[in-house]
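The primary structure of each chain is shown beneath.
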Amino acid sequence: MVIIFLNMKNTILLLLISILFLSCMKSLYNYNLEKKGIFNDEIQLKKIKKKDKHIVFFPIAHLGTKLFYNDVKSKVDSLNEDGYYFYFERVKLDVADSLLYRKFRKVVGMPYLKNGYIEIIDSTLQLKLKKELISQPSYDLLGLDSINSKNVDVSLDAMINYFEENHTEIILESCDFETSIFEKSTCDNQKRSDVFREEVIVNYRNNYVVKEVEQSSLKKIAIIYGAAHIPGIKKQLISIGYK
C-alpha cells in the first residue's frame, strides 16, 4: 500500500512539474514571438530620401497575424496609388535542383518549407499561441503584380557559390541524401552556419538590394523585405547620402 501511494505521489508530482514546464514554455515562446513583433497587427513603415528619391521600407514578417497582412495590403495599395514601385524579397531557386538545396540545408540546418514558416510551429510546437498566425501570403495577394513590382533578390545558386568561393566548399555526405529536401537531414553533425546566415543570407542579399536602388532611375521605391534585412539596407543607404 505504501509503495502504491509513493508511486501515485511521484506520478502526480511529475504531472504537476510537466504542467508547470509546459506553462512556462508557452509563456516564454509567446513572449519571444511578441518581442519579435510577430503578433503585431500593423506594419510600421520606415522612410528615407536623397534629394528627390524616396525610399519606403516594409519590414515584412514571414509569419504573422491576418490583420498584419491586411494592413500590409492596405499600405501597398496606398503607395501604389502614390506612384511607388515595389522591390520584393524572394530568393530565386529551383526546387528540382535538390543537390543545391541539400547544400543549403546542410549550412542552415532546416529543410525546405513547402507551407512557409507556419510549418515550423505546426510540426514542433503543440502550445496555444497568443494569437492565430499564418504564413506570409503570396505577393499577388498583397497587391503586387508584374507592373508595379519586381523581385530584387539573388538566386540560391549565387548564394552557395559566394559562400564556397569566400569560405569553404560545402561537402555533402551520404546521410545528406537519405531524406528528401522537405525533411530534416539524418546527419548527426548537422549544424547551422552563423557565417552563412550573417554574411550570405543577410549581408550579401542586402548589398544586392542597395546596388539595385542606386542604379535605378525610379524616384519612389518601396522595399518589401524581411524585418532582419531592413536595418542593414537602411544603414548602407544612409552611408551614401540618404536620410
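Not measured: the values here are computed from a predicted model.

Backbone hydrogen bonds hold the strands of a sheet together, and the pairing may be parallel or antiparallel. The strand order across the open sheet built from five strands is β1-β2-β7-β4-β6, with neighbouring strands paired in mixed fashion. Among the strands making up the open sheet, the edge pair consists of β1 (46–50) and β6 (149–151). Shown here is a sheet whose adjacent strand axes are inclined to one another by a mean of 20 degrees, direction ignored. As paired strands, strand β4 (residues 85–88) and strand β7 (residues 220–226) are joined by four bridges and run parallel to one another.

For the structure on display, the rule yields one disulfide. Disulfide pairing is shown between C175 and C187; the S-S distance is 2.0 Å. Its S-S torsion of about 100 degrees marks the bond between C175 and C187 as right-handed, since a negative value means left-handed. Pair noted here: C175 is in the loop between α5 (156–166) and α6 (194–215) and C187 is in the loop between α5 and α6, with a separation of twelve residues, a long-range link. Both residues of the pair, C175 and C187, count as buried.

On to unusual backbone geometry. Non-glycine residue K51 carries a positive phi angle of around 60 degrees. By secondary structure assignment, the location of K51 is in the loop between β1 and β2 (53–60). When its relative accessible area of 78% is taken as the criterion, K51 is described as exposed.

In this section: the confidence of the model for the protein. The predicted model of the protein averages 84 in pLDDT, with 79% of residues at 70 or higher. Within the protein, no element has a lower average pLDDT than helix α1 (residues 2–35), which sits at 48, and none a higher one than β4, at 98. Note on residues 1–24: pLDDT under 50 across the span, and one contact to partners over four residues away in sequence or across chains.

Helix-helix packing is described using two parameters, namely the angle between the two axes and the distance between the axes. Look at helix α3 (residues 98–108) against α5: their axes get within 10 Å of each other, and the N-to-C directions meet at 55 degrees. As the angle between them shows, α3 and α5 are arranged oblique. Note on packing geometry: the crossing formed by α3 with α5 is left-handed. Across the interface between the two elements, L100, Y101, K103, F104 and V107 from α3 touch L156, D157, M159, I160, F163 and E164 from α5. When the residues that make up the contact of α3 with α5 are grouped by side-chain class, the tally is eight nonpolar, no polar and three charged.

About the criteria used
Residue numbers restart at each chain and count upward from 1, following the sequence in its written direction. In keeping with the model being predicted, local features are shown solely for residues with a pLDDT of at least 70 and side-chain atom pairs are shown and tallied solely at 80 or more, while totals for entire chains, interfaces and linings include all residues. Values reported for side chains reflect all heavy atoms of the structure, with hydrogen atoms and water molecules removed beforehand. Here, a strand pair is defined by DSSP locating no fewer than two bridges between the strands. We count a stretch as a helix when DSSP gives it H or I for four or more residues in a row; a strand needs E for two or more, and each element gets its number in order from the N terminus. Lines fitted to the C-alpha atoms define the axes, with helices restricted to the stretch that makes contact. Angles between their N-to-C directions range from 0 to 180 degrees. Two cysteine sulfurs form a disulfide in these notes if their separation is within 2.5 Å. Partly exposed describes any residue whose relative accessible area lies between the buried limit of under 20% and the exposed limit of over 50%, with all areas from a 1.4 Å probe on protein chains only and scaled to the type maximum. A residue's pLDDT is simply how confident the predictor is in it, with values from 0 to 100. Note on contacts: a residue pair is in contact if any heavy atoms of the two residues lie within 4.5 Å. To sort the angles, those under 35 degrees are grouped as roughly parallel, those over 145 as roughly antiparallel, those from 65 to 115 as roughly perpendicular, and the leftovers as oblique. By definition, turning the near helix anticlockwise from the far helix through less than a right angle yields a left-handed crossing, and turning it clockwise yields a right-handed one. The nonpolar class holds Ala, Val, Leu, Ile, Met, Phe, Trp, Tyr, Cys and Pro. Asp, Glu, Lys and Arg form the charged class, and all remaining residues, Gly among them, are polar.

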